[in-house]
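# A look at the structure
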Amino acid sequence: MAQRQAVAPPHRLGFAATLRRDTWWVEPALVLAALTVFFGYLTVSAFLDNWAFEIGPYLSPVFEPKLHGVYSQWWFSPALLILWGPAGFRLTCYYYRLAYGRSVFMSPPACAVGDLPPRYYGETRFPFILQNVHRYFLYVALVFIPLLWIGAIRGFHDPDEGWGVGLGSFMLVINAALLSLYTFSCHSLRHLVGGGLDCFSCSLYNRTRHRIWSWVSRLNANHRLYAWASLVFIVATDVYIRLVANGHITDPNTWSRF
Amino acid sequence: MALRTISIYRGDSGGGRFVDFQVDVEEGNVVLDVVLKVQAEQAPDLAVRWNCKAGRCGSCSAEINGHPRLMCMTRMSMFPADRPVYVAPLKTFPLVKDLVTDVSLNYQIAKTIPPFQPRPPDPDGLYRMSQEDVDRVQEFRRCIECFLCQNVCHVIRDHPENKARFYGPRWFVRLAELEMHPLDTADRRQLIREMAGVGFCNVTKCCTEVCPEHIKITDNAIIPLKERVVDLYFDPLRWLADRLKGKRPGAVGAQQ
């Protein structure tokens, strides 16, 4: 194991060592709080399959696609059959690596502020070397996108009363749109559609891939925004549908039975 | 004109301290103006490296109030007038004297990177590239080698023992420039993983935040290189596809 070397003064090594004089700790603290609240809620929600998560045309996105009819006799929540995919996609996402790298593992907590871990191997060793499977979770996420859109369209069709519209329908559409933006702005997708090419102009096939790469690159510039917006909105949609399904609030809609 | 306090680190690898100087600061002055005024009027032995004073040469990198910045591109008006402005040398490189550090590690790394290896020219002896191919790598050519990204990267800043196994952001920019060049035929992915240590990067983007040329180092250089490494080492489907196409993964010219 390599010996830890010193640095010349006025600098020093060690957690939070810095010459910065601003409130550098605010951003990682806020991100840590937000990650805890939103991912904590989704984890709890996945286990709360006894608290209604479906009413009329609305199904919570945490339980989309609808597997609970098939697996209702199983002892665990059907959400657990679904969430491993999106959870793995977010856990290995290049943006979330930044978010939890700074706020949870504090390596570093902020730029030019000392790391928490005394030894650092990054993504060269287990478990963080598993970040390299991000593209496989992308493939899973890409399967989920059409399923979410089917769920969003189904949000306009009550099984008993037929087509209509309600506030929940729009929330499901916005949720599907934000998750689509998050998925299609993925860094791995950007590489796979064309970023791996060295010559964009060498063939019609490469020129087509360059066009797609350009679109994904434009989306990719806002990947962080889509990551947060989609996370917040999936929680908001789940909360809303559960509150409606359990009779705590009334959904403004064109149907008559709820 | 206003009297301001600038606190400059004076010392060498053996030790030192911040020394306060009172300086008349004019409107529009940058930190380098004030440091040079101190050198001219109060501390002629103050060591500071600078050259163009226009943000083009990358010489005057320092840590100003703890933030890695170019002194020539940092206005004094950014900081509260009633508090000292602290100027320190870069942390990641060995201190020579005062604000001057030894950045020769970077030039040693540069020598290990396989140079541009172009394909044979067209039949008329010319090399041709399309604009869309050049656009992507031109961003990387903006690098002025100020080494602020190297300085802020926590992999070597907070863990100096990693300097032997991690090249740092500036050299990933260089590697990306070569790897994505439409005429280059070399495949440096093995080097990128094994010698350059791209796996050490946990994409916290501090290099991008401090880059005075606004190069999207993480998004456009490091992450694409990580993905190219995944192609070679962590993607069995890709490996199989390359084999079926008759490509030998990792070989020169294997990409495309």
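Because the structure is a prediction, the values reported are computed rather than measured. (Residues numbered from 1 in each chain as written. Chains lettered and ligands numbered in written order. Predicted model: local features only at pLDDT ≥ 70, side-chain atom pairs only at ≥ 80, totals over all residues. Heavy atoms only, no water.)

## What to know about the overall build of chain B
Threshold: Helix numbers and strand numbers start at the N terminus; a helix is a DSSP run of H or I with at least 4 residues, a strand a run of E with at least 2. Per-residue accessibility, obtained with a 1.4 Å probe over protein chains only, is compared with the maximum for each type, and a residue is labelled buried under 20%, exposed over 50%, and partly exposed between these values. Between two residues, a contact is recorded if the distance between any of their heavy atoms is within 4.5 Å.
A tally of regular secondary structure across chain B gives 10 helices and seven strands. Across its three principal directions, the C-alpha atoms of chain B cover 70 × 40 × 30 Å. When burial is assessed residue by residue, chain B has 57% of its 256 residues classed as buried. Sequence separation of at least 24 residues holds for 61% of the intrachain contacts in chain B that already meet a minimum separation of 6.

## Overview of the interface of chain A and chain B
Condition: By definition, the buried area sums, over both parts, the 1.4 Å-probe accessible area that each loses when the two are put together. One speaks of a salt bridge when a side-chain nitrogen belonging to Lys or Arg is within 4 Å of a carboxyl oxygen belonging to Asp or Glu. Polar contacts, as used here, are pairs of N or O atoms within 3.5 Å; protein pairs need one atom able to donate a hydrogen and one able to accept it. Residues neighboring in sequence count only if both atoms are side-chain atoms.
On the side of chain B, 59 residues touch chain A, which itself brings 60 residues to the contact. The largest per-residue losses of area from chain A upon contact with chain B belong to Tyr94, Tyr120 and Asp198 of chain A, which jointly make up 15% of the total buried on that side. Seen at the junction of chain A and chain B, the total is seven salt bridges. Linking Arg135 of chain A and Asp235 of chain B is a salt bridge whose minimum nitrogen-to-oxygen distance equals 2.6 Å. Viewed at the interface, chain B and chain A are joined by 35 residue pairs in polar contact (both at pLDDT 80 or more). Taken together, the elements giving at least two residues each to the side of chain A that touches chain B come down to α4 (94-103), α5 (134-154), α7 (187-195) and α8 (204-220) of chain A. Here the element with the most residues in the side of chain A that touches chain B is α7 of chain A; it accounts for six residues.

## Comments concerning the domain arrangement of chain B
Residue and element names in this part refer to chain B. Inclusion rule: Domain limits in this description derive from either an automatic procedure or a database domain assignment.
Parsing chain B into structural domains produces domain 1 (2-101) and domain 2 (104-244). Between the C-alpha centres of domain 1 and domain 2 there is a distance of 31 Å. Across the contact, 14 residues belong to domain 1 and 16 residues belong to domain 2. Counting the surface domain 1 buries against domain 2, the share from its top three residues, Pro68, Thr92 and Phe93, is 45%. Applying the counting criterion to the domain 1 and domain 2 interface returns three salt bridges. Across the pair Glu63 and Arg157 runs a salt bridge, and its minimum N-O distance is 2.8 Å.

## Observations regarding the side chain of His11 of chain A
The topology assignment puts His11 of chain A in the segment before α1 (26-47). Among the polar contacts listed, one links the side chain of His11 of chain A to the backbone oxygen of Pro89 of chain B, at a separation of 2.7 Å. Ignoring anything within four residues of it in the chain, the contact list for His11 of chain A reads Leu19 of chain A together with Glu63, Ala88, Pro89, Leu90 and Lys91 of chain B.

## Structural notes on helix α6 (residues 167-184) of chain A
Residue and element names in this part refer to chain A. How we decide: To estimate the expected span of a helix, count its residues, drop one, and scale the result by 1.5 Å.
The end-to-end C-alpha distance of α6, which contains 18 residues, comes to 26 Å, matching closely the 26 Å that a straight helix rising 1.5 Å per residue would cover. Burial in α6 covers these residues: Gly168, Ser169, Met171, Leu172, Asn175, Ala176, Leu178, Leu179, Ser180, Tyr182 and Thr183. On its buried face, α6 sits against β2 (58-59), α3 (79-91), α4, α5, α7 and α9 (223-245).

## Comments concerning unusual backbone geometry
For residues besides glycine, phi is generally negative; the peptide bonds are generally trans as well. For the bond running from Ser107 of chain A to Pro108 of chain A, omega is -5°, close enough to zero to count as cis. Looking at the element boundaries, Pro108 of chain A is found in the loop between α4 and α5. For the peptide bond that leads from Phe126 of chain A to Pro127 of chain A, omega is 5°, which places it in the cis range. Looking at the secondary structure, you find Pro127 of chain A in the loop between α4 and α5. In this structure, Ala112 of chain A takes a positive phi of about 65° despite not being glycine. Within the element layout of this structure, Ala112 of chain A appears in the loop between α4 and α5. Even without being a glycine, Glu145 of chain B presents a positive backbone phi close to 55°. With respect to the helices and strands, Glu145 of chain B occurs in the loop between α3 (131-141) and α4 (148-152). Take Glu145 of chain B: its relative accessible area is 26%, and that puts it in the partly exposed class.

## Looking at the packing of aromatic side chains
What counts here: Aromatic pairing here means that ring centres of Phe, Tyr or Trp (its six-membered ring) are within 6.5 Å. Orientation follows from the plane angle: under 30 degrees is stacked, over 60 is edge-to-face, and everything else is tilted.
Under the defined criterion, the tally for this structure stands at 20 aromatic pairs over all chains. Taken together, a centroid distance of 6.1 Å and an interplanar angle of 80° make the contact between Tyr58 of chain A and Trp255 of chain A edge-to-face. Taken together, the residues Tyr58 of chain A in strand β2 and Trp255 of chain A in the segment after α9 connect sequence positions 197 residues apart. Overall, Tyr58 of chain A belongs to the buried group, its relative accessible area being 1%. A residue is classified by how much of its surface remains accessible, and Trp255 of chain A, at 6% relative accessible area, is buried. Residues Tyr107 of chain B and Phe147 of chain B carry aromatic rings whose centres are separated by 5.8 Å and whose planes lie at 75° to one another, so their mutual orientation is edge-to-face.

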